[in-house]
Amino acid sequence: MSADLRTQILALVNDYYNEHHKPKNSFIPGNRIPYGGRVFDQEDMINLVDSSLDFWLTAGRYAEEFEESLARYVGVRFCSLVNSGSSANLIAFMALTSPRLGDRAIRRGDEVITVAAGFPTTVSPIVQFGAIPVFVDVNIPQYNIDCSQLKDALSDKTKAVMIAHTLGNSFNIAQIRNFCDEHNLWLIEDNCDALGAEYEMDGQWRKTGSFGDIATSSFYPAHHITMGEGGAVFTKNGLLHKIIRSFRDWGRDCWCDSGIDNTCGRRFDGQYGELPCGYDHKYVYSHFGYNLKVTDMQAAVGCSQLKKLPYFVEARRNNWEYLYSSLVDFQDKIILPEPMADSKPSWFGFLITVKEGINRNKLVRYLEEQGIQTRMLFAGNLLKHPCFDEMRKEGKGYRVVGNLEQTDQIMDNTFWIGVYPGMTVEMLDYMSEKIKFFLNEQPRGSI
């Protein structure tokens, strides 16, 4: 009877979706065009309700399914779900501070190479732990780390490189990976904006997120797939996986799943630290950790979203190409983005840098007035933000290579618009036409 009742409930969810949420695909010029957003169907809603009927409120069967499926998709052995992409970056970095890594563990005062032109939570864990971020410049029009500055960034204190693939465009993985291998550095690959991107290295195409010692993803509604809030941490290394799980799950030494006791078979047999022999392994803590797990309801949505990911990635690529083709004749006034060599981006947005004589702020305000949502390239230059005020005054806590000229160019002259799968050709045409109208009305040197 209960199985029949569940079937009836889920059938009604399908009907509800068709009546209240199914896209109408009608665009009226002037309607708001968001830079990104959730794209979902009845399967996502059915999974969500199905999970809620179990009332298993923490991670459960759907979380396990999602971790296994996502690991296979990315091409890694291990995937650990967390509650956001920012938490994923926090866990990824903190895992590398574990004493279990011996001399390779990152300690306070050690240096980590990164960039200032990005999202702050790629850098926040470095600063919050007490390590030293070393900022290098980026290149335009790929908007990724300038690999020519890596040598100058290196010191005897360098332990890791932690950088993101900018808006779905892979950084130069071959150069970064070889640099890290040559100098025995960890690589944390922030893949939050690039799920589904691919890169060719040593004659083999692989998904981004599979090249770093640790990598991360985000499932915020604007990202490639969503579960509302959520993130993931990837690794191929068994020891790193255990450390990641420990930091995610309160810092505990035990690896038993929630609600399951004594998986290891030695729950009351071990000797840990200065605890009495046989102290319950479920309450032994090897790290100062957190509780950053997801609910099974979030994971249920992720499971159905993951099935649609190949379509989402293709749609983003098609939308990006459409905008590029529409704006290619205006390169005397704007710089169009370019894919990294040997890569197949999974675009998160379409970046535009205005050239001399065009005012970025006026263009952005005009587009917003026309209903087109815009975004800066996140922090622009993170070092110019209030969070760095005290560090700038003290003149310590970070190091800069060169003058970050391209980073400042991005801060002053760059913005982006969306390419998410919910966009229609009518929306893309409207956006490109409004950009072209503004540029036509503003001849170079007139502003």
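How each quantity is defined
Residues numbered from 1 in each chain as written. Predicted model: local features only at pLDDT ≥ 70, side-chain atom pairs only at ≥ 80, totals over all residues. Heavy atoms only, no water. Helix = DSSP H or I, 4+ residues; strand = E, 2+ residues; numbered from the N terminus. Buried < 20%, exposed > 50% of the residue type's maximum accessible area, 1.4 Å probe, protein only. Contact = heavy atoms within 4.5 Å. Pairing = 2+ DSSP bridges. Axes fitted to C-alpha atoms, helices over the stretch in contact; angles between N-to-C directions. Phe/Tyr/Trp six-rings, centres within 6.5 Å; stacked < 30°, edge-to-face > 60°. Lys NZ or Arg CZ within 6 Å of the ring centre and 35° of its normal. Salt bridge = Lys/Arg side-chain N within 4 Å of Asp/Glu carboxyl O. Expected span 1.5 Å × (residues − 1). Polar contact = N/O pair within 3.5 Å; in protein donor to acceptor, adjacent residues only side chain to side chain. Core = buried A, V, L, I, M, F, W, Y, C linked by side-chain atoms within 4.5 Å. Parallel < 35°, antiparallel > 145°, perpendicular 65-115°, else oblique. Left-handed = near helix turned anticlockwise from the far one by under 90°. Nonpolar A, V, L, I, M, F, W, Y, C, P; charged D, E, K, R; others polar. Patch = residues over 30% accessible without salt bridge, like charges linked within 9 Å, V, L, I, M, F, W, Y side chains within 5 Å. Areas by Shrake-Rupley, 256 points an atom, 1.4 Å probe, with all protein chains shown as cover. Lys, Arg positive; Asp, Glu negative; His and termini not counted. Charge placed at Lys NZ, Arg CZ, Asp CG, Glu CD.

S.K.: Explain the environment of Met94 to me, please; I cannot follow it from the model alone.
M.R.: Summarising the element assignment, Met94 is placed in helix α4 (residues 85-95). Taking the relative accessible area as the measure of exposure, Met94 reaches 10% and is therefore buried. For Met94 and Leu428, which are 334 residues apart along the polypeptide, the C-alpha to C-alpha distance reads 41 Å. Setting aside anything within four residues of it in sequence, one finds Met94 in contact with Phe129, Phe247 and Tyr290.

S.K.: Would you mind showing me how to read the sheet that holds strand β10 (residues 334-335) here?
M.R.: In a beta sheet, neighbouring strands pair by backbone hydrogen bonds and run either parallel or antiparallel. Sheet architecture is open: three strands sit in the order β10-β12-β14, paired in antiparallel fashion. The open sheet is flanked by β10 and β14 (414-418), the only strands paired with a single partner. As defined by bridge partners, strand β12 (residues 349-354) adjoins β14 across five bridges and the pair is classed as antiparallel. Bridging from a neighbouring strand, Leu351 pairs with Trp416 of β14. The strands touched by helix α9 (residues 296-327) are β10, β12 and β14; relative to β12, the strand with the most contacts, the crossing angle is about 25°. Here helix α12 (residues 405-413) sits on the sheet and contacts β10, β12 and β14; the angle it forms with β14, its principal contact strand, is near 60°.

S.K.: Please explain the packing of aromatic side chains as it appears in this structure.
M.R.: The geometry of an aromatic ring pair comes down to the distance between the two centres and the angle between the two planes. Going through the model one piece at a time under the given rule, you end up with 18 aromatic pairs. When the centroid spacing of 6.2 Å and the interplanar angle of 70° are considered together, the rings of Phe378 and Trp416 count as edge-to-face. Remark: Trp416 occurs in strand β14 and Phe378 occurs in the loop between α10 (360-369) and α11 (389-394); sequence separation between them is 38 residues. Look at Trp416 and you get buried, because its relative accessible area is 1%. A network of ring pairs unites the aromatic residues Tyr35, Phe119, Phe348, Phe378 and Trp416 as a single cluster. The lysine or arginine in question, Arg206, covers the ring of Phe211, its NZ or CZ lying 4.0 Å from the ring centre. Looking at Lys344, its charged tip hangs above the ring of Trp205, at a distance of 4.5 Å from the centre.

S.K.: Whenever I open this one, the environment of Lys151 confuses me. Can you help?
M.R.: The residue Lys151 is located in helix α6 (residues 150-153) in this model. Using a relative accessible area of 71% as the deciding quantity, one classes Lys151 as exposed. Once the C-alpha coordinates of Lys151 and Glu394 are considered, the two residues, 243 residues apart in sequence, prove to be 26 Å apart.

S.K.: Explain the pattern of salt bridges here, please?
M.R.: Any two side chains of opposite charge can pair, so long as their charged atoms come close to each other. Enumeration over the complete set of coordinates arrives at 25 salt bridges. Arg252 is paired through a salt bridge with Asp249; the nearest N and O atoms lie 3.9 Å apart. We note that Arg252, like Asp249, is buried. A single salt-bridge network, built from bridges that share partners, covers Glu67, Arg245, Arg248, Asp249 and Arg252.

S.K.: So what exactly am I meant to see when it comes to helix α2 (residues 42-54) here?
M.R.: Each turn of an α-helix holds 3.6 residues, which means side chains three or four residues apart point in the same direction. With 13 residues, α2 extends 19 Å between its outermost C-alpha atoms, agreeing within 8% with the 18 Å of an ideal straight helix rising 1.5 Å per residue. Within the span of α2, buried status applies to Asp44, Met45, Asn47, Asp50 and Ser51. Residues of α2 that are buried sit in contact with α1 (2-20), α3 (61-74) and α9. The N-capping residue of α2, defined by a side-chain oxygen 3.0 Å from the backbone nitrogen of Glu43, is Asp41. A positive backbone phi angle near 55° is found at Phe55, which sits one or two residues after α2.

S.K.: Whenever I open this one, the nonpolar core confuses me. Can you help?
M.R.: A general tendency of soluble globular proteins is for nonpolar side chains to be buried together. Residues Ile113, Ile145, Val161 and Ile176 are the most contacted members of the largest nonpolar core, which totals 33 residues. Looking at this core, the elements that each hand over two or more residues are β2 (111-115), β3 (132-136), α6, β4 (158-164), α7 (173-182) and β6 (198-201). Counting residues per element, this core draws most heavily on α7, which supplies four residues. Membership of the second largest hydrophobic core comes to 30 residues, among which are Ile334, Phe350, Ile352 and Ile417.

S.K.: Help me understand the packing of α2 against α9, please; the structure alone is not making it clear to me.
M.R.: Packed helices, taken two at a time, are described by the angle their axes make and the gap between the axes. Axis separation between α2 and α9 bottoms out at 8 Å; the angle between their running directions is 155°. Classified by the interaxial angle, the pair formed by α2 and α9 is roughly antiparallel. α2 and α9 meet at a crossing whose hand is right-handed. Between α2 and α9, the contacting residues are Glu43, Asp44, Asn47, Leu48, Ser51 and Ser52 on the first element and Asp296, Met297, Ala300, Val301, Cys303, Ser304, Gln305, Lys307 and Lys308 on the second. Residues that form the contact of α2 with α9 fall into these classes: five nonpolar, five polar and five charged.

S.K.: Mind showing me how you'd approach a negative patch on the surface here?
M.R.: Where like charges cluster on the molecular surface, the negative patch consists of Glu64, Glu65, Glu68 and Asp257. Note that Glu68 resides in helix α3. The exposure class assigned to Glu68 is partly exposed, which follows from its relative accessible area of 43%.

By themselves these figures say nothing about function.
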